[in-house]
Amino acid sequence: MKEVHLICNAHLDPIWQWDWQEGVSAVLSTFQSAVNLAEEFDYVFCHNEVTVYKYVEEYAPTLFARIQELVKAGKWHIMGGWYLQPDCNMPSGESFVRQIQEGKRYFKEKFGKTPTTAINFDPFGHSVGLVQIIKKCGQDGYIFMRPYPSEQTLPDEQFIWRGLDGSEIKANRAMAYNTPLGYAVKVIKEREAKQTQDVICILWGVGNHGGGPSRKDLADIKNMIAETEGVKYIHSTPERFFAKINPTAVVEESLRISMPGCYTSMGKIKRKHALLENELYLAEKMLTTALACGALQNYPEEEIHKITESLLNAEFHDVLPGTCIQGGEENGLRLLDHGLLEAERLKTKAYFALAAKEAPAKEGEYPILVFNPHLYPIKENVECEFMLADQNWSRDMVAAISVLDEAGNAVKHQVIKEESNLNLDWRKRIIFEAELAPLKLTRYSVYVEFKPKEKGKERDSFVFDNGRKYVEIDKKTGLLKRYIIEGKEYVKEGFLPVMFEDNPDPWAMGKEQLKRVGNHEKAFKLSKKPSGVFKGLKSVEIIEDGEIYLGIEAFFECENTRVRVGYKIYKNNDYVDVDVTVFMGDVDKFVKVKIPVCEGKLIGQTAFGTEPLFMDGRENVSQRFIAVDDGGRCLMIANNGVYGSHYEKGALYLSLVRGVSYCAHPISDRPILPENRFVKKVDQGENAFSFRLGVIERKRLERFTQEFIQKPYALNIFPTKNQVQYKEFSVRLTDETIALAAMKKADGREGFLFRLVNNTNESVETALNVQNATLPLRFGKFEVKTVLYENGDLTECDEMMI
């Protein structure tokens, strides 16, 4: 007899076409209705997401208590167990761990339940990196809906989903998650007839703006169960369903492509989200270091949880992908700004606690203390600003700067343009070559003397060539004409801004958009006479030139949009940093930068992993790096929050800005937007992006990326006389591959957690040394390990703890 597990739910986006306050109202009414119907009918109501339960707990405590009773009685099921249904492409692996574990903590505390089936039926695609995370967070099943069968063909709708590391969970693609009000039985029978397996599940209930079961639908289902022969219908839960199936088909890739416009739309949210991820995990590293060595007495666990909640809420699958109304965007930005403000405060607290050990400044010294957030020594170009002791009003004398390391040796440095714009010799910004020990402050000393002003050198070379690295910026086109390392050309005529015709739909739901988002490529032209925000500037100009880097900027225009491309060509390493600022002035257009690259396989970072990317024009989604692997070394491009891209005809196109409209959802053949009136547009105005080009070994991709997005933290401070003595905290990895995703105090414990990632397809042996403890570790391909340091001992954990 065919067995149909009926999973009653009420899909309820906390924010989408409405603001969060209306979301609260929909939650309360939906949950109250479900509670009322539980008194009349023998059914199980299933719902997920910490966020909505917190609404009930805060705004309707009596209702919350009744739900707790129904959970105990088995009539209300805590489904999914995550903090919410996030976007499942763009958050980092560590963010997904927090989504699951913060959810697990809440539901265990409030309901005594720990769901083992993850539920993400509304997000627009799912990273294969999720499999290992879900498995190591204690879950073994997954229900999703997108991509639809028309978007991605699977060997079976019930299958084993295998992760990059070999982990496996059961997965089921649901046909849908809603049923129309009053028509549940009709739709259930239609879906049952289309599924051939012996055991299936069908999600039902009014949704999208809440609703859930209705009295009529429950009565109809009761009659259907009583009258139907040959099919066994069960009011069920995801866990009961997965316990009854044993799929044999295997899927070993990400579940996508679906609605690829989401990889780029509402870019301000995306870049700020990436920034908060980095700032939170950096703050945790600094706080843990300060606590471990005794510089800090208490770890701000509650504050960290609040920052984490802001991050997790901003990852909601209609906010981070950019498919909500403007109010949703503003709410997301407020959440992220709150997190950034608090993370910055905690990071500063840890920094000054560590700096309290430092001796006061010597006469004439401007101390700069630099914290290295990595588990290994690095050599990095560090930027820092400081004020001269007094304003220098002389027109003939200027400040001459020297930088010394702790041994008194001169350090390569360069004075560059400061952030402020006072035409006075007072505020200074320098970049210097720093060698930094892991998880420690390193002191550098700046000294200033005033010398006669020299006539500025004529700067006319747009080429850097040291025999190993050759970089040329074309003065006629403003493009990265050539990027050559050890005789091999990796980029030619790169970073050309281009514009594509697009439409107002932030999702990019069109069938043709699955093959390519945007058409009719149009190249920007170098501005012959820059105007608007670029008024009075040259088309291409050298703006910095010193011991550390050659800086060049170029200006481009196309229709009403303007673009600045700024190059930093480093002289002491193989890297080139590229800053691209798009002043978007067009709607229904898609702006990218085109980079012709060397031959090789295109790969990109995903959650705790790396996966192959499409090379046929389809839009890709990746995280902080994209690389071209030629079988030897990789051309790598790291970024500060760019997720979309595509590749065709030997060129990589990085997706920057889509000029779409807020929440413009296509409905069959109807016009997407109302006619004859203005509607609000997304991402108009200034949008800033940062990239780093490098050529490195495949095994160093993860570390290379972290060094770009989690730069050393440097400040000019003057330590007080009240020096604090504390012990050293020594942490070290013995290999060149394994990266540190997170380091934090373990929740509710006295020990410290280390989340270590092998983002390669080869096994790696290493050892983690913490103080006097050493733990040998053997990583399989793409394996993530969590290690606990407690009471002087190191222990490898089975679960991804937080």
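Structure: see above.
None of these values were measured; they are calculated from a predicted model.

A. Up close: the overall build of the protein chain. A tally of helices and strands in the protein chain yields twelve helices and 44 strands. Taken over C-alpha atoms, the radius of gyration comes to 28 Å for the protein chain, in line with the 28 Å a tight globule of 802 residues would show. Expressed along its principal axes, the backbone C-alpha trace of the protein chain runs to roughly 100 × 65 × 50 Å. Of all 802 residues assigned to the protein chain, the portion counted as buried reaches 63%. Put simply, of all contacts in the protein chain between residues at least 6 apart along the chain, 74% involve residues at least 24 apart. Here the protein chain has roughly 31,700 Å² of accessible surface; of this, 48% comes from carbon and sulfur atoms. Here the protein chain carries 104 positive and 115 negative side-chain charges, and the mean point of each set is 2 Å from the other.

B. The arrangement of the sheet that holds strand E41 (residues 764-770) in detail. An order of E38-E41-E42 is seen for the three strands of this open sheet, with the pairing classed as antiparallel. The sheet is open, and its two edges are formed by strand E38 (731-733) and strand E42 (773-779), each paired on a single side. Taken over all neighbouring pairs, the strand axes of this sheet differ in orientation by 15° on average, direction set aside. As defined by bridge partners, E41 adjoins E42 across seven bridges and the pair is classed as antiparallel. Note that in E42 the partner of Thr766 across the bridge is Leu777.

C. Representation of the pattern of salt bridges. Scanning the entire structure with this criterion turns up 65 salt bridges. Among the ionic pairs, Arg256 bridges to Glu611, the shortest N-O distance being 2.7 Å. Taken together, the residues span a long stretch of sequence, with Arg256 in the loop between strand E10 (250-251) and helix H9 (267-292) and Glu611 in strand E30 (residues 609-612) at a distance of 355 residues. Glu611 shares its class with Arg256; the two are buried. In this structure, Glu358 and Arg443 form a salt bridge, with 3.1 Å as the shortest nitrogen-oxygen distance. A residue pair is termed long-range when its members are at least 10 positions apart, and Glu358 in the loop between helix H11 (326-355) and strand E11 (366-371) and Arg443 in strand E16 (residues 441-452) qualify at 85 residues. Take Glu358 and Arg443: they sit in the same class, and that class is buried. Each of Glu383, Glu385, Arg427, Arg429 and Lys568 takes part in one network of salt bridges that share partners.

D. Layout of the nonpolar core. Phe31, Tyr53, Ile67, Trp76, Phe754, Leu756 and Leu768 are the most contacted members of the largest nonpolar core, which has 118 residues in total. With sequence-adjacent residues up to four places away left out, Phe754 is seen in contact with Phe729, Val731, Leu740, Ala742, Met743, Leu768, Val770, Lys785, Thr786, Val787 and Tyr789.

E. Seen up close, the pairing of strand E27 (residues 576-584). Most of E27 sits out of view: seven of its nine residues are buried. Pairing of strand E26 (residues 561-570) with E27 involves eight bridges; the strand directions are antiparallel. Residue pairing in the sheet places Val565 in a bridge with Val580 of E27. The hairpin turn running from E26 into E27, its antiparallel successor, is five residues long.

F. Focus on the sheet that holds strand E43 (residues 784-790). Strand order in the open sheet formed by four strands is E39-E40-E43-E44, with antiparallel pairing between adjacent strands. Both edges of this open sheet fall to strand E39 (739-745) and strand E44 (793-797), since each of them pairs with a single strand only. Strand-to-strand, the axes of this sheet are offset by a mean angle of 20°, without reference to chain direction. Summarising the sheet, E39 and strand E40 (residues 752-757) pair through six bridges and their orientation is antiparallel. Pairing of Lys745 across the sheet is with Phe752, part of E40. In the packing of helix H4 (residues 93-111) onto the sheet, the strands contacted are E39 and E40, and the crossing angle to E39 comes to about 35°.

G. Structural context of the packing of aromatic side chains. As enumerated under the stated definition, the model contains 30 aromatic pairs in all. Look at Tyr351 and Phe352: their rings are 5.5 Å apart centre to centre, the planes differ by 80°, and that puts the pair in the edge-to-face class. Taken together, the ring pairs in this structure connect Phe31, Phe45, Tyr53, Phe64, Trp76, Tyr106, Phe107 and Phe111 into an aromatic cluster.

H. Expanded view of the side chain of Arg562. Along the chain, Arg562 turns up in strand E26. From its side chain, Arg562 meets the backbone oxygen of Glu559 in a polar contact 3.0 Å long. Excluding anything up to four places from it in sequence, Arg562 contacts Ser531, Phe534, Phe556, Glu557, Thr581, Val582 and Phe583.

I. Seen up close, unusual backbone geometry. Here the residue pair Arg146 and Pro147 is connected by a cis peptide bond, since its omega of 5° sits within 30 degrees of zero. Within the secondary structure, Pro147 is located in the loop between strand E5 (141-144) and strand E6 (158-162). Even without a glycine there, the phi angle at Asn208 is positive, about 80°. Tracing the sequence through the fold places Asn208 in the loop between strand E8 (199-204) and helix H7 (215-227). The residue Glu486 is not glycine, and still its phi comes out positive at about 50°. Inspection of the secondary structure puts Glu486 in the loop between strand E19 (480-485) and strand E20 (488-494). Glu486 sits in the partly exposed class, given a relative accessible area of 48%.

J. Fine view of the environment of Ala292. Mapped onto the secondary structure, Ala292 falls in helix H9. Between the C-alpha atom of Ala292 and that of Glu728, which follows or precedes it by 436 residues, the distance is 8.5 Å. Setting aside residues no more than four positions away along its own chain, Ala292 makes contact with Lys727, Phe729 and Phe752.

K. Spatial organisation of the packing of helix H10 (residues 301-314) against H11. Across the interface, H10 lies against H11 with an axial gap of 8 Å and an inter-helix angle of 150°. One element, H10, and the other, H11, form an angle in the roughly antiparallel class. The handedness of the crossing between H10 and H11 is left-handed. Contact residues: H10 offers Glu303, Ile304, Lys306, Ile307, Ser310, Asn313 and Ala314, while H11 offers Gly332, Leu335, Leu336, His338, Gly339, Glu342, Ala343, Arg345 and Leu346. Across the contact of H10 with H11, the residue classes tally to seven nonpolar, five polar and four charged.

L. Representation of the side chain of Glu418 within the structure. Position of Glu418 among the secondary structure elements: in the loop between strand E14 (413-416) and strand E15 (425-436). For the buried Glu418, which has no salt bridge, the nearest side chain bearing the opposite charge is Lys417, at an N-O separation of 4.4 Å. The residues contacting Glu418, other than those within four sequence positions of it, are Glu385, Arg427, Lys428 and Arg429.

M. How the structure looks around the environment of His11. Relative to the helices and strands, His11 is located in the loop between strand E1 (2-8) and helix H1 (20-38). Assessed through its relative accessible area of 3%, His11 is described here as buried. A C-alpha to C-alpha distance of 46 Å links His11 and Leu775, two positions 764 residues apart in sequence. In this structure the side chain of His11 is engaged in a polar contact, spanning 3.0 Å, whose partner is the side chain of Asp13.

What counts and how
Residues numbered from 1 in each chain as written. Predicted model: local features only at pLDDT ≥ 70, side-chain atom pairs only at ≥ 80, totals over all residues. Heavy atoms only, no water. Helix = DSSP H or I, 4+ residues; strand = E, 2+ residues; numbered from the N terminus. Rg over C-alpha atoms; globule rule 2.2 N^0.38 Å. Buried < 20%, exposed > 50% of the residue type's maximum accessible area, 1.4 Å probe, protein only. Contact = heavy atoms within 4.5 Å. Areas by Shrake-Rupley, 256 points an atom, 1.4 Å probe, with all protein chains shown as cover. Lys, Arg positive; Asp, Glu negative; His and termini not counted. Charge placed at Lys NZ, Arg CZ, Asp CG, Glu CD. Pairing = 2+ DSSP bridges. Axes fitted to C-alpha atoms, helices over the stretch in contact; angles between N-to-C directions. Salt bridge = Lys/Arg side-chain N within 4 Å of Asp/Glu carboxyl O. Core = buried A, V, L, I, M, F, W, Y, C linked by side-chain atoms within 4.5 Å. Phe/Tyr/Trp six-rings, centres within 6.5 Å; stacked < 30°, edge-to-face > 60°. Polar contact = N/O pair within 3.5 Å; in protein donor to acceptor, adjacent residues only side chain to side chain. Parallel < 35°, antiparallel > 145°, perpendicular 65-115°, else oblique. Left-handed = near helix turned anticlockwise from the far one by under 90°. Nonpolar A, V, L, I, M, F, W, Y, C, P; charged D, E, K, R; others polar.

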